[in-house]
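What follows is each chain in one-letter form.
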Amino acid sequence: MRMAIETFNLTRRYEDNVAVDNLTLRVPQGEIFGFLGHNGAGKTTTISMLTTLLLPTSGTAAIFGHDIRQENLQVRQHIGYVPENVRLYNDLTVAENLQFFAALSGVSAAPQRIIEVLELLGHPEWRGLRVGELSKGMRQRIGLAQALLHRPSILFLDEPASGLDPEGTRAISDLIVWLNEEFGITVFMNTHQLAEVTKLCTSIGIMNHGRLVMADTLKNVLARFPDHHSLEEIYLEVERQERSRA
Amino acid sequence: MTTAELSTIPQLTVQKPGWGHILSVIARKEMTDAFRNRLFVVALMMLVGLTLIAISLGAVTVHQRVAEYQQSVQVLQNLGRTNIPPMPPLNPIAVSKNFINYLAMVGALLAMILGFTSINKERQAGTLNLILSRPVYRDQLLSGKMLGNAVLLALLMGAVGLVTWLALIVIGGVSLTSDQLIKLALTMGMSWLYLLTFFLLAMFFSLLVRQGNQALLLTVIVWLVFAFIFPQIGDTMDLDNQIPGGFFASLGLDRAGEQAALAKFKWYETVRDGVEELSPTKHYERISFALLGIKKEFADNTWQEVLNLKTVNLVGLLVPIVLLTSASYAVFLRQES
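Residues numbered from 1 in each chain as written. Chains lettered and ligands numbered in written order. Predicted model: local features only at pLDDT ≥ 70, side-chain atom pairs only at ≥ 80, totals over all residues.

**Let's talk about the interface of chain A and chain B**
Facing 42 residues of chain A, the contacting portion of chain B comprises 34 residues. Listed by contribution, the elements that provide at least two residues to the side of chain A that touches chain B are α2 (72-78), β6 (79-82), α3 (94-105), α4 (110-120), α5 (136-148) and α6 (166-183) of chain A. Looking at which element gives the most residues to the side of chain A that touches chain B, the answer is α3(A), with six residues. Its residues assigned to classes, the side of chain A that touches chain B comprises 20 nonpolar, 14 polar and eight charged. (Contact = placed C-beta atoms within 7 Å. Helix = DSSP H or I, 4+ residues; strand = E, 2+ residues; numbered from the N terminus. Nonpolar A, V, L, I, M, F, W, Y, C, P; charged D, E, K, R; others polar.)

Pasting the structure below:
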């Protein structure tokens, strides 16, 4: 099985604070991996390192075998990244925004590709709209569109449904599953939406104060806690155990 | 890779883009973005409006002087005079004097808006990380931004130079000599360097200080100090400015006497000049006024002679650009996210 993500003792410190502490993780290709944890647990720092935006203090990580330090350009060609609350350029149209990001990624035939990606998302009519006029849900989907332009093998999503209404959350979730099932795109997502994780994810990892305290397939995690009825209960139980251990 | 094709476009390829491609993509985006920025457009319209008024009024003055001379010639010819005096020296490019004053103020503001929004807007929109998650290096991003805005400012100055030239031909009814044309072009070049300084100043502070309002405040403070306070201190310290009509004139001293008197206060003059030379605005004014012949002592010099005499001011304009560019790269390349 080919690994989409492999990290070994990945660590990031901010002066005295250890944001990510010796993270060792393997995510196989084709998974939808839910990365859970409280605010400040180190989820966004992990995504930032895996997307080459932050350098690790120590440890290693590779995306499809490409080292995030030594081969960062190759890593960037494999990944699509959607940050939390993506806003893009408000004064430019959807097409102009996508054109810009397509050109930066070296996508040929960009105009056709932009139409294709917008059709993929089911909204080719958004092409001429100014991004500043879009709702948060629409912007989130355009954020996803920009991440798909160069046909990435893996998508990194930081709180993709943050601040969205239930309809918007459902639309994004459906899109993620479809992209995974239809095109085999691996998805690594930070999220707090545990109900969505249960529906979407094939495997999960739980972070607590920078440390990975659990990582397994969703099926195995649910089997490990037979007395708990939901992922939310399991998550709270893991957090409680970690607190008592500390 | 077992991933199914995420595209049906047969000619679609994804290749690592080259340096030049990335630079031009970022530069073009900067220019498009600037013209969609309301604040920039308002400041641009103000500058264009003031420039057009200043140049048109100047061109009308030139036209009037030419017309007055022609009327005098007509009168003399009607009186049967054959020895017609030549036209008094006319310096049509001096019509740009008011433009220089407007540019020192509104132009600098315009450039600072560009520098500030260029970085701050990306931070607010979260697009900086989106760009850097693509095969783009940080120095490429910064170079592209600098290139785009530098081209934008160059186009602006080129347009102003062209309008001045056309206004002098159409309204003023005069054609420029090749020396005057080069001097006008060089003045626009100096104006470009001046605007670039304030663009880079705003960009540097936006890179250095992540809070946008603090970066803007710092930029404005530094602008006020270097563009207004230092030249003002220099003017206030000028011995000749102590009495209306001139201190030396009130003593009945000619230029030689003035120089002899000043020689006794050499250290004072050195300090005063040093304070003034900290200001890019002063360098810009000195070299531009010399090129345009507004300063009488340079009116008869060719453009090469003016450049030779004003090398210090040219260097004075270039030094902050080099320093701010280097500092911006140093700050941005060390930053993460």
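**What to know about the pairing of strand β2 (residues 17-28) of chain A**
All names here are of chain A. Note that strand β1 (residues 3-14) and β2 share eight bridges and pair antiparallel. In the sheet register, Ile 5 faces β2, and the bridge partner there is Val 27. Between β1 and β2, which pair antiparallel in sequence order, lie two residues; one of them, Glu 15, sits at a positive phi of approximately 55°. (Pairing = 2+ DSSP bridges.)

**Quick look at the nonpolar core**
The biggest cluster of nonpolar side chains holds 87 residues, and the ones touching the most others in it are A:Ile63, A:Phe156, A:Val187 and A:Phe188. Among the elements that make up this core, the one with the highest residue count is α3(A) (seven residues). Not counting residues up to four positions away in its chain, the partners in contact with A:Val187 are A:Ile32, A:Phe33, A:Leu155, A:Leu157, A:Ile176 and A:Asn180. Listed in part, the 59 residues of the second largest apolar core include B:Ala54, B:Ile113, B:Met157 and B:Val306. (Core = buried A, V, L, I, M, F, W, Y, C linked by C-beta atoms within 7 Å. Buried ≥ 20, exposed ≤ 12 C-beta atoms within 10 Å, placed from the backbone.)

**Focus: the packing of helix α2 (residues 38-78) of chain B against helix α3 (residues 97-125) of chain B**
Residue and element names in this part refer to chain B. It is at 10 Å that the axes of α2 and α3 come closest, and there the two elements cross at 170°. With respect to α3, the axis of α2 lies roughly antiparallel. Judged by residue contacts, Leu 39, Phe 40, Ala 43, Leu 44, Met 46, Leu 47, Leu 50, Thr 51, Ala 54, Ile 55 and Gly 58 of α2 engage Asn 98, Phe 99, Tyr 102, Val 106, Gly 107, Leu 109, Leu 110, Ile 113 and Leu 114 from α3. (Axes fitted to C-alpha atoms, helices over the stretch in contact; angles between N-to-C directions. Parallel < 35°, antiparallel > 145°, perpendicular 65-115°, else oblique.)

**Looking at helix α1 (residues 19-36) of chain B**
Taking 1.5 Å of rise per residue, 18 residues should cover 26 Å, and α1(B) covers 26 Å from first to last C-alpha, within 8% of that figure. Every buried residue of α1(B) is accounted for by B:Ile22, B:Val25, B:Ile26, B:Ala27, B:Lys29, B:Glu30, B:Asp33 and B:Ala34. Elements that come into contact with the buried residues of α1(B) comprise α3 of chain A together with α2, α3 and α5 (138-170) of chain B. (Expected span 1.5 Å × (residues − 1).)

**Examining helix α9 (residues 231-245) of chain A**
Spacing of three or four residues puts side chains on the same side of an α-helix, whose turn is 3.6 residues. All names here are of chain A. Across its 15 residues, α9 extends 21 Å between first and last C-alpha, which sits within 8% of the 21 Å expected from 1.5 Å per residue. Buried within α9 we find Leu 231, Ile 234, Tyr 235 and Val 238. End-on view of α9: buried residues confined to an arc of 100°, all on one side of the axis. In α9, the exposed positions that point more than 90 degrees away from the buried face belong to Arg 240, Arg 243 and Ser 244. (Arc of directions from axis to C-beta.)

**Section: the sheet that holds strand β3 (residues 32-37) of chain A**
All names here are of chain A. Sheet architecture is open: six strands sit in the order β6-β7-β8-β3-β9-β10, paired in mixed fashion. Sheet topology places β6 and β10 (211-217) at the edges, where each strand pairs with a single neighbour. Each adjacent strand pair in this sheet contributes to an overall mean axis angle of 15°, direction not counted. In this structure, strand β9 (residues 203-208) lies alongside β10, joined through six bridges in antiparallel fashion. By the bridge assignment for β10, Asn 208 is matched with Arg 211. Contacts between helix α1 (residues 43-50) and the sheet are confined to β3, β7 (154-158), β8 (186-190) and β9, with β7 contributing the most and set at about 150° to the helix. Contacts from α9 reach β3, β9 and β10, with the element oriented near 35° to β9.

**Focus on the sheet that holds strand β5 (residues 66-67) of chain A**
Pairing between the strands of a sheet comes from backbone hydrogen bonds, and it takes one of two forms, parallel or antiparallel. Strands sit in the order β2-β1-β4-β5 (chain A) across an open sheet of four strands; the sheet is antiparallel. Two strands in the sheet have a free side with no partner beyond their single neighbour: β2 and β5 of chain A.

Function-wise, these values are silent; they only describe arrangement.
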